[in-house]
Amino acid sequence: MPSASFTASRSYVRRSRRKGANRIPTPSRTTSEPCEPVCHLMQNIPAPTAAAPAGGSSGGPSASSSSSLGAGPSGGVGAIAAAHHSPYDLRRKSPSHHDGLAGVSGPSTSAATAGSPTSPATPTAPAQGSYCSVMLPARKRPRRTCSTSCEVFTNSAAHYLQYELPDEVLLTIFNYLLEQDLCRVSQVCKRFQAIANDTEIWKRLYQSVYEYDLPLFNPAPCRFEFVSPEESELANPWKESFRQLYRGIHVRPGYHEMTFKGRNIVYFNTVQGALEYADERSGSSSSSGSVSGSSNNSEVNNQGALIFLHTGTYNGEFLVIDSDIALIGAAPGNVAESVILERESESTVMFVEGAKNAYAGHLTLKFSPDVTSTVPHHKHYCLEVGENCSPTIDHCIIRSTSVVGAAVCVSGAGSNPTIRHCDISDCENVGLYVTDYAQGTYEDNEISRNALAGIWVKNFANPIMRRNHIHHGRDVGIFTFDNGLGYFEANDIHNNRIAGFEVKAGANPTVVHCEIHHGQTGGIYVHENGLGQFIDNKIHSNNFAGVWITSNSNPTIRRNEIYNGHQGGVYIFGEGRGLIEHNNIYGNALAGIQIRTNSDPIVRHNKIHHGQHGGIYVHEKGQGLIEENEVYANTLAGVWITTGSTPVLRRNRIHSGKQVGVYFYDNGHGKLEDNDIFNHLYSGVQIRTGSNPVIRGNKIWGGQNGGVLVYNGGLGLLEQNEIFDNAMAGVWIKTDSNPTLKRNKIFDGRDGGICIFNGGKGVLEENDIFRNAQAGVLISTQSHPILRRNRIFDGLAAGVEITNNATATLEFNQIFNNRFGGLCLASGVQPIVRGNKIFNNQDAVEKAVANGQCLYKISSYTSFPMHDFYRCQTCNTTDRNAICVNCIKTCHAGHDVEFIRHDRFFCDCGAGTLTNQCQLQGEPTQDTDTLYDSAAPMESHTLMVN
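A few points on the structure. (Residues numbered from 1 in each chain as written. Predicted model: local features only at pLDDT ≥ 70, side-chain atom pairs only at ≥ 80, totals over all residues. Heavy atoms only, no water.)

**Points about the overall build of the protein chain**
- Tallying secondary structure elements over the protein chain gives 16 helices and 76 strands in all.
- Out of the 946 residues in the protein chain, the part that is buried amounts to 56%.
- Within the protein chain, counting contacts between residues at least 6 apart in sequence, those at least 24 apart form 56% of the total.
- Element-wise, carbon and sulfur atoms account for 49% of the exposed surface of the protein chain, whose accessible area totals about 36600 Å². (Helix = DSSP H or I, 4+ residues; strand = E, 2+ residues; numbered from the N terminus. Buried < 20%, exposed > 50% of the residue type's maximum accessible area, 1.4 Å probe, protein only. Contact = heavy atoms within 4.5 Å. Areas by Shrake-Rupley, 256 points an atom, 1.4 Å probe, with all protein chains shown as cover.)

**Overview of the pattern of salt bridges**
- Under the criterion given, the structure shown has 39 salt bridges.
- Between Glu581 and Arg604 there is a salt bridge; the shortest N-O distance is 2.7 Å. One end of the pair, Glu581, is in strand S40 (residues 579–581); the other, Arg604, is in strand S43 (residues 602–604), with 23 residues separating them in the sequence.
- A residue is classified by how much of its surface remains accessible, and Glu581, at 5% relative accessible area, is buried.
- The class for Arg604 is partly exposed, based on a relative accessible area of 28%. (Salt bridge = Lys/Arg side-chain N within 4 Å of Asp/Glu carboxyl O.)

**Re unusual backbone geometry**
- A positive phi angle, close to 50 degrees, is found at His395, a residue other than glycine.
- The residue His395 is located in the loop between strand S16 (392–394) and strand S17 (397–400) in this model.
- Of the residues examined, His395 reaches a relative accessible area of 33% and is grouped as partly exposed.
- Phi at Thr689 takes a positive value of approximately 45 degrees, unusual for a residue other than glycine.
- Mapped onto the secondary structure, Thr689 falls in the loop between strand S54 (685–688) and strand S55 (694–696).

**Structural notes on the environment of Pro391**
- With respect to the helices and strands, the residue Pro391 is situated in the loop between strand S15 (383–385) and S16.
- Sequence separation between Pro391 and Thr418 is 27 residues; the distance between their C-alpha atoms is 6.3 Å.
- Each residue touching Pro391, except ones within four places of it in the same chain, is listed here: Phe351, Ala355, Lys356, Ala358, Val385, Pro417 and Thr418.

**Some details on the pairing of strand S63 (residues 754–757)**
- Going residue by residue along S63, you find Ile754 and Ile756 tucked away on one face and Cys755 and Phe757 tucked away on the opposite face as well.
- Bridge analysis of strand S60 (residues 731–734) against S63 gives 4 bridges, and the strand direction is parallel. Within the sheet, the bridge partner assigned to Val731 lies in S63 and is Ile754.
- Relative to strand S66 (residues 777–779), S63 is paired through 3 bridges, and the arrangement is parallel. Residue Ile756 lies in a different strand from S66, and its bridge partner there is Ile779. (Pairing = 2+ DSSP bridges.)

**Concerning the packing of helix H8 (residues 199–210) against helix H9 (residues 237–245)**
- Running from N to C, H8 and H9 point in directions that differ by 35 degrees, and their axes come no closer than 8 Å. In this structure, H8 meets H9 at a crossing whose hand is left-handed. Here Thr199, Trp202, Lys203, Leu205, Tyr206, Gln207, Val209 and Tyr210 of H8 come into contact with H9, specifically with Trp238, Lys239, Ser241, Phe242 and Leu245.
- In terms of residue class, the contact of H8 with H9 is made up of 8 nonpolar, 3 polar and 2 charged. (Axes fitted to C-alpha atoms, helices over the stretch in contact; angles between N-to-C directions. Left-handed = near helix turned anticlockwise from the far one by under 90°. Nonpolar A, V, L, I, M, F, W, Y, C, P; charged D, E, K, R; others polar.)

**Structural notes on the packing of aromatic side chains**
- In the structure shown here, the tally under the stated rule is 37 aromatic pairs.
- Judged by centre distance (5.3 Å) and plane angle (80 degrees), the rings of Tyr525 and Trp548 are edge-to-face. Taken together, the residues Tyr525 in strand S33 (residues 524–527) and Trp548 in strand S36 (residues 547–550) connect sequence positions 23 residues apart.
- Relative accessible area serves as the criterion here: at 21%, Tyr525 is assigned to the partly exposed category. (Phe/Tyr/Trp six-rings, centres within 6.5 Å; stacked < 30°, edge-to-face > 60°.)

**Re H9**
- When you tally the buried positions in H9, you get 9 out of 9 residues, the bulk of the element.
- Those residues of H9 that sit buried are Pro237, Trp238, Lys239, Glu240, Ser241, Phe242, Arg243, Gln244 and Leu245.

**Let's talk about the state of the cysteines**
- Summed over the entire model, instances satisfying the criterion amount to 0 disulfides.
- Of all cysteine sulfurs in the structure, the one in Cys887 sits closest to Cys909, which takes part in no disulfide; the separation is 3.8 Å. (Disulfide = S-S within 2.5 Å.)

**Topic: the environment of Asp751**
- Relative to the elements of secondary structure, Asp751 occurs in the loop between strand S62 (745–747) and S63.
- Each C-alpha atom of the pair Asp751 and Ala775 lies 7.7 Å from the other, and the pair is 24 residues apart in sequence.

**Comments concerning the environment of Gly574**
- Note on placement: Gly574 falls in the loop between strand S39 (570–573) and S40.
- When the C-alpha atoms of Gly574 and Thr597 are compared, they prove to be 5.2 Å apart, with 23 residues separating the residues in sequence.
- Those residues in contact with Gly574 that lie beyond four places of it in its chain are Thr550, Ser551, Asn552, Arg596, Thr597 and Ser599.

**Some words on helix H5 (residues 167–174)**
- Within H5, burial applies to Asp167, Leu170, Leu171 and Phe174. When H5 is viewed along its axis, its buried side chains cluster within an angular range of 100 degrees and face the same direction. (Arc of directions from axis to C-beta.)

**Thoughts on the pairing of strand S14 (residues 364–367)**
- Sheet topology note: the strand S11 (residues 339–343)/S14 ladder contains 4 bridges and is parallel. Its bridge partner lying in S14, Glu342 is registered against Lys366.
- As paired strands, S14 and S17 are joined by 4 bridges and run parallel to one another. In the sheet register, Thr364 faces S17, and the bridge partner there is Ile397.

By themselves, these figures tell us nothing about what the structure is for.
Rendered as structure tokens:
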């Protein structure tokens, strides 16, 4: 409702227009044209009623609100900025004095027009109590009968005020004016407008009213921003901020009894009183005090009441917000720390249905129930947002000492708040609780050191949470439970006592671009049928596993970096499932991925490398489909499979490990298909102790201790593999092991093709064994394999060698084009031989003997051709010194010599390791005393450290 002063001013303007025909235009400082109105300050600012409502009183009679705080002649702030490109010059000279007044048909416009909200060409009475009426000589309304001398005198006074009075004096006078009077004098002329637009004047006014250290702007509903004056593009940001905030109601204890003439601001002692006043005037705010031509009319009308809470602690206020009201703290320094709302019962602030565009910002909210009280408070909160409302909570500090419930509760369908830049910390319960189909956007909040979960999402609630900092909680960081949903993006979650992120009981969150690290236990814990999508996160440096998946949970873990964990990377146990794909898992203290106890995940397209332990560890009946991963450079085995586990590994690249590539032990089973396994310090694949995998279609090469090692009762089906370029045997079979090898290609080995010894068995069928440096198949030390329909050819030594009391069954094999011979049998060996074709072998040993050569000539110390093995009693040689038949005949002629056996050896006489120099060789070579047989394989150290 318009105030009395506002009404009187308007009626006076109408009378002055009827009777002011004889007016003299006042020349500007630079031209003789009359100045236009430059500054309209207060727009759509409803004036207080004559009687203040209950709960507080208004700030006394208000100045006229028909002037406004922002629109110039062009209707906006741009006109102000254009008129104030640079500060006024206090040293500039006044323009030349106009001597003649001829042709003026009426009285001149005096400085009293500073009190008018209209054009300075229209004389009006100044507002009551304004400083304009104090500093300028009063005059009556001009009459047509006024003498010429009076007119000249009045015109001279106005001219002096406008043109002759020094700028310093005007600046000092203007410093005493409040905002409405300051805007009125700015309409007198361009000179007044330039001085009245001084930034220091408006900064002083602004800080006396709002207390802020920086200009605060309200560019949109529910959006308030502090902007440094240096960063603002406005010529006078203090004035523009003043204008945008001028509609506000102030809660400032002690100010309700004070009056400010020239100011239209309402003060209250209590927040409740301000809310009741705002509700009462909400029906008429759209029609009171409006001024046409404002660029901000629609903006102001679309916003609810704005209430400033000034410095202080407000105890016991019952605040239930059901309309579009904005509550904002007002204080110097850290605003939120200086303005405190606190309750001991009920909820401190409640937003309920109807609060669609409500706002609370820059406040401290506290809920401090009396622990000795019998009043129940388990359903009360520091901040409560109910159904069908969407307030904005901004830059608030939120604290709760209640040991039950939560500091912030958002619940109910249609509950969709925006909570940003808030500090929810040091609470004795849950920090932020979102439940019962609620949604909302939660951004850039600090959530820390809470006794229970930092964030709890439950019962189909589906919030969006971005860039929050959730840390040092005394429980879990984020807890999604009981079908809770949510989209969590770019949050920093660390140093929580339990997991950084827990998913339980059907919850299904989406977590992207988060950093989850330095947890005192694990990073992510998904259990009891939990779901969820964890994409593009960094999960590192947690004390336990980076990701736990258990109890029928089935999350998607995709494109994450999981690294530097103090235990494992991803740990799937207790019938856990999950899709683990495109992750980069490295540098963890235990296995990169561990699968156990009937768990059955899909693991694909991951990089698992540089682990301090192994790559993938499957044990205790673990399962899983493991395909197209790259597993490399791990300290222990690339993949372990043990204790009844049956995973399927397909199309993986497992390489460059510091021990074994794939290690089956203690009844480890499963399928190993179409993998590339290469360049391991030990063998590519090891099978032991009852393990019985299917190994099919793999390429196994570059093992420093052989391609495949089957030992200690190992089994397995090796089928259609390519095994080549290994430093030792392509396949080792030893110590009662009994694998089946079918249709493999075993070639280009730097040692033998297949070595079977120490009681090894096995069935070798339809394999191609070729171009190996040693025997295609070596059978030794009581072993008894079955070789059937194999092709053994192009070897650089013998095709098949059987020695050391071993035997074998050889059926329908083809053995051809081998250098030392086809089938070479040591003394006492009697294999079962049936239907074999042995042809076109080079028989280099027999040819060397026939040519009188030392056998060392064809073998050096790297090969072991099978022939007669002698020693010389005269030269005192031992069983470890072998002498070929030609050296016996030539170098040891006439000596006491002894035939030992027909077996594999190189000649020590030709090697130069005996006392007498070999007469069939050139210079002696290095001592090869210790090189007698193929080197024994090395076993994995994995079990030694587990």
